[in-house]
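Observations on the three-dimensional arrangement
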Amino acid sequence: MNQPKSRNQSANRLFIAITLSFFFSTLVSRAQTVLTISGEVTKPLTLQAADLKAMPHAEVTGNDRDGKEHKYSGIPLSELLKQAGATLGSALRGENLTKYVAIKAIDGYEVIFALAEIDPEFATRTIILADAVDGAPLPQGVRPYRVVVPGEKKPARWIREVKSIEVRFAK
Ligand SMILES: Nc1nc2c(c(=O)[nH]1)N[C@H]1C(S)=C(S)[C@@H](COP(=O)(O)O)O[C@H]1N2
Ligand SMILES: [Mo]
């Protein structure tokens, strides 16, 4: 019964342990990146849920497709783009006014905004990356993040399940 383990058995166990630890560490690190910001920015960002939670939030009200008013809380897109080093504020002039922001979702849906639509020096409304609605986490199929555009008559750019934001030149 209690025979000494063969070399092979020990090697097998070591192999299994290493494989499992690689497998789980890959799973964990994949689960942590929830949003990337890339393209024409000086500091591309790979963000985890905790990073986004810690960023300044704003509250906006908007009418969902159900026609009812809801209160959304989230990070202003201008704040995210500022942290990534996009050309906002006094730098948003000349050819930088031809930049746009492409936002992609898990299901392949994609919408764009002109960078100037997002800059608080141009825009009269605050477009946010919402992480909560009416004080509750976003539901399945909407989370982790949804763009909310206050005042927009049709919610077609209220992209759900956002996974990436990219700044590009239109020309
Ligand atoms: N990821 C993703 N977001 C999306 C869409 C989509 O197909 N995929 N459809 C858009 C359209 S056309 C509308 S009208 C609204 C619908 O909002 P609702 O899901 O809250 O009804 O979501 C927008 N956001
Ligand atoms: Mo729609």
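Fair warning: this is a prediction, and the values are worked out from it, not measured in the lab.

1. Some remarks on the confidence of the model for the protein
Scored by pLDDT, the protein has a mean of 91; 89% of the residues are at 70 or more. Here helix H1 (residues 7-32) stands out as the least confident element of the protein, with mean pLDDT 68; strand S5 (residues 99-105) is the most confident, with 99.

2. Observations concerning the site of ligand 1
Neighbouring ligand 1 are Asp64, Arg65, Ala105, Asp107, Tyr109, Arg146, Pro155, Ala156, Trp158, Ile159 and Arg160. Between Arg65 and ligand 1, the recorded distance is 3.0 Å, taken from a side-chain N or O atom to an oxygen atom. Between an oxygen atom of ligand 1 and a side-chain N or O atom of Arg160, the distance comes to 2.8 Å. Look at ligand 1: alone it shows 530 Å² of surface, and the protein chains cover 77% of it. Considered class by class, the residues forming the shell around ligand 1 number six nonpolar, no polar and five charged.

3. Here we look at the nonpolar core
In terms of nonpolar packing, the biggest core is built from 42 residues, with Leu35, Leu80, Leu81 and Ile103 touching the most fellow members. Of all the elements, strand S7 (residues 128-133) adds the most residues to this core, at four residues.

4. Some points on the environment of Glu152
Relative to the helices and strands, Glu152 resides in the loop between strand S9 (146-148) and strand S10 (162-169). Spatially, the C-alpha atoms of Glu152 and Gly62 are 8.4 Å apart, while their sequence positions differ by 90 residues. Excluding anything up to four places from it in sequence, Glu152 contacts Arg125, Arg157 and Trp158. Within the structure, Glu152 has its side chain in polar contact with the side chain of Arg125 (distance 3.4 Å).

5. Some points on the environment of His70
Relative to the helices and strands, His70 resides in strand S4 (residues 69-76). A relative accessible area of 15% places His70 in the buried class. The spacing of His70 and Val133 is 63 residues in sequence and 6.8 Å in space, taken between C-alpha atoms. Ignoring anything within four residues of it in the chain, the contact list for His70 reads Val60, Thr61, Gly62, Asp64, Val133 and Asp134.

6. Structural notes on the environment of Gln48
Summarising the element assignment, Gln48 is placed in strand S2 (residues 45-48). Since its relative accessible area comes to 33%, Gln48 is described here as partly exposed. A sequence separation of 15 residues divides Gln48 from Thr33, and the C-alpha atoms of the two residues are 4.7 Å apart. When near neighbours in sequence (up to four residues on either side) are disregarded, Gln48 contacts Gln32, Thr33 and Val34.

7. Comments concerning the packing of aromatic side chains
Considering all chains together, one arrives at one aromatic pair under this definition. Considering the side-chain rings of Tyr72 and Trp158, the 5.5 Å spacing of their centres and the 90° angle between planes classify their relative orientation as edge-to-face. Here Trp158 lies in the loop between S9 and S10 and Tyr72 lies in strand S4, a separation of 86 residues in the sequence. For Trp158, a relative accessible area of 3% puts it in the buried group.

Calculation notes
Residues numbered from 1 in each chain as written. Chains lettered and ligands numbered in written order. Predicted model: local features only at pLDDT ≥ 70, side-chain atom pairs only at ≥ 80, totals over all residues. Heavy atoms only, no water. pLDDT = per-residue confidence, 0-100. Helix = DSSP H or I, 4+ residues; strand = E, 2+ residues; numbered from the N terminus. Near = heavy atom within 4 Å. Polar contact = N/O pair within 3.5 Å; in protein donor to acceptor, adjacent residues only side chain to side chain. Areas by Shrake-Rupley, 256 points an atom, 1.4 Å probe, with all protein chains shown as cover. Nonpolar A, V, L, I, M, F, W, Y, C, P; charged D, E, K, R; others polar. Core = buried A, V, L, I, M, F, W, Y, C linked by side-chain atoms within 4.5 Å. Buried < 20%, exposed > 50% of the residue type's maximum accessible area, 1.4 Å probe, protein only. Contact = heavy atoms within 4.5 Å. Phe/Tyr/Trp six-rings, centres within 6.5 Å; stacked < 30°, edge-to-face > 60°.

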